[in-house]
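Residue-level structural notes
What follows is each chain in one-letter form.
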Amino acid sequence: MIMLEEPFVSETLIEWLEDSGHPVLDNRMARSIAADHDIVLCPEDEAIRRIEGGERLYTSSENALAWISEHVENEAVVHPIEVFKDKALMRRVLAPLDPDFFFMTCTADELRSLDFASLKTPFVLKPSVGFCSVGVYPIADENDWDAALDDIDRNAATWHDMYPESVIGASSFVLEGYIEGTEYAIDAFFDAEGEAHVLDVLRHDFASPADTSDRLYCTSARIVSEMAPEFTAWLDRVNGYVGAKNFPVHVEVRVQDGVIRPIEFNPLRFAGLGGTDISWYAYGFRTYEYYLEDRALDWDALAEGKAGKLYVMSMLNGCPSDLTGDETFDYDAFCAKFSHVLALRKMDYRATASFGFLFFETDEDDPSERTFLVNTDFKEFLTA
């Protein structure tokens, strides 16, 4: 069973739904797509029976979680969502894996009453329920703290306009120790026995320690072959405390000196806003197809001919703060900055806070395109 929801469904997913005939929950988003595409709509009552009966479920967006919370009672679905989506609960459940890690929670109203001098820096401040680095603030000193609180005051209402409370909850926040190391994003699922299967690994690179953008996710045959076995073993340990079965998850972690620490888990989906389709452009397979059909990956075959190549997924966020809403983005000029664009998906930045998604191939040994990507402010491509 698949649930399609706002704000975006990729053409790659839609084409597969047409070819495969997998059932799609009949909701407003699915009907709008079915008007132009031959997808199989499943009535709501039948979808509920299927989900309650244990059929595997995949969502294109965390906006679907609101419907699930209202209609689904299956603990195999509900419990992992509760643990993974609530960052504070996730920290408590997984504390035995990392008992010395600092974290605390508080309400939005309590933030300004905290004594900053009593807090151990550096740390990260973020909503207990979040998405796409929205409302995430690295805090090194009191100036960072004051700036973060001011930004929350300015933008919390906007977050609510863009996403439902089940996706971003600005009423409760987590303060947690700053996690050092190389950051990775993992698309994985737990099978019927609860065993983990890693479908893709992306290294998340940044322009600087203060950068929290989603500009640069890189995958390659080397990255996957080096990291997938470690992440599979770690996810098996995680699931010893969660007990998820037949359940997909997108996980963000950092790794330092062999220690894996989670940043967040995103339930019932893979890389958001269609970002998981990097597996299709890089290796020729769809992550959601392999999960829903319980197919095994042959990484040796998928990696053939990929040596020395790096495949990049970039969410073009970090829009200039002074946009009026009337600007247009010159996508042709932007794409001309890259030698091998695989796909570009244009988005309405007023709805998604992003100009779109870019997928491209580049050489592992040449960082020039990646350096441009993480440093551009996009202003040269904007016209009023």
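Counting restarts for each chain: residues are numbered from 1 in the order of the written sequence. Only residues with pLDDT of at least 70 are given local features in this predicted model, and only at 80 or more are side-chain atom pairs given and counted; all residues enter the totals for whole chains, interfaces and linings. Side-chain measures were taken over the full set of non-hydrogen atoms in the model, leaving aside hydrogen atoms and water.

**Describing helix H1 (residues 11-20)**
Burial here depends on accessible area, computed with a 1.4 Å probe over protein chains only, as a share of the maximum for the residue type. Under 20% is buried, over 50% is exposed, and the range in between is partly exposed. To qualify as a helix, a DSSP run of H or I must reach at least 4 residues; to qualify as a strand, a run of E must reach at least 2; elements of each kind are numbered from the N terminus. Those residues of H1 lying buried are Thr12, Leu13, Ile14, Trp16 and Leu17. Every residue pair with non-hydrogen atoms within 4.5 Å of one another is taken to be in contact. Here the buried face of H1 lies against strand E1 (2-3), strand E2 (23-25), helix H2 (28-34), helix H9 (278-283), helix H10 (287-292) and strand E16 (341-346). Taken from the residues just after H1, glycine 21 is the one with a positive phi, measuring 75°.

**So, helix H5 (residues 75-85)**
Taken together, the buried positions of H5 are occupied by Val77, Val78, Pro80, Ile81, Val83, Phe84 and Lys85. We call two N or O atoms a polar contact when they sit within 3.5 Å, provided that within protein one can donate a hydrogen and the other can accept it, with sequence-adjacent residues counted only if both atoms are side-chain atoms. The backbone nitrogen of alanine 76 lies 2.9 Å from a side-chain oxygen of the residue at the head of H5, namely asparagine 74.

**Topic: a negative patch on the surface**
Each patch is built from residues lacking any salt bridge and having more than 30% relative accessible area; the joining distance is 9 Å for like charges and 5 Å for nonpolar side chains (Val, Leu, Ile, Met, Phe, Trp, Tyr). Note on areas: Shrake-Rupley, 1.4 Å probe, and residue coverage restricted to the protein chains presented here. Put simply, a salt bridge is a Lys or Arg side-chain nitrogen that is within 4 Å of an Asp or Glu carboxyl oxygen. The convention is simple: Lys and Arg are positive, Asp and Glu are negative, and His and the chain ends are not counted. All charge positions are set by atom: Lys at NZ, Arg at CZ, Asp at CG, Glu at CD. Where like charges cluster on the molecular surface, the negative patch consists of Glu11, Glu15, Glu18, Asp19 and Asp38. Positionally, glutamate 18 belongs in helix H1.

**Re the packing of aromatic side chains**
Each Phe, Tyr or Trp ring (for Trp, its six-membered ring) is paired with any other whose centre lies within 6.5 Å, and the angle between the two planes then decides the class: stacked below 30 degrees, edge-to-face above 60, tilted in between. As enumerated under the stated definition, the model contains 33 aromatic pairs in all. Here the aromatic rings of phenylalanine 116 and phenylalanine 123 are separated by 6.4 Å at their centres, their planes lie at 45°, and the arrangement is tilted. Of the residues examined, phenylalanine 116 reaches a relative accessible area of 13% and is grouped as buried. An aromatic cluster is built from Phe329, Tyr331, Phe334, Phe338, Tyr349, Phe355, Phe360, Phe372, Phe378 and Phe381, whose rings are joined through pairwise contacts. In our convention, an over-ring charge means Lys NZ or Arg CZ found within 6 Å of a ring centre and within 35 degrees of that ring's normal. Above the face of the tyrosine 349 ring, arginine 350 is positioned so that its terminal group lies 5.6 Å from the ring centre.

**Here's the deal with the nonpolar core**
To form a nonpolar core, buried Ala, Val, Leu, Ile, Met, Phe, Trp, Tyr and Cys residues must be joined to one another through side-chain atoms within 4.5 Å. Grouped together as the largest cluster of nonpolar side chains are 103 residues, with contacts concentrated most on Leu4, Ile68, Phe231, Leu235, Phe265 and Phe334. Of the residues forming this core, the biggest block, nine residues, is contributed by helix H8 (residues 221-242). Ignoring any residue separated from it by four or fewer positions in sequence, one finds leucine 235 in contact with Ile186, Ala188, Phe190, Ala196, Val198, Val251 and Phe265. Phe116, Trp145, Ala148 and Ile152 belong to the second-largest nonpolar core, a separate cluster that totals 14 residues.

**Things to note about the sheet that holds strand E11 (residues 216-219)**
We treat two strands as partners when DSSP finds at least two bridges between them. What the eight strands build is an open sheet, ordered E13-E12-E9-E10-E11-E14-E17-E16; its pairing is antiparallel. Each edge of the open sheet is held by one strand with a lone partner, namely strand E13 (259-267) and E16. This sheet shows a mean twist of 25° between the axes of neighbouring strands, independent of strand direction. In this structure, E16 lies alongside strand E17 (residues 354-363), joined through five bridges in antiparallel fashion. Across the sheet, the residue bridging to arginine 345 is phenylalanine 357, located in E17. Here, axes are lines fitted to C-alpha atoms. For helices the fit covers the stretch in contact, and angles between N-to-C directions go from 0 to 180 degrees.

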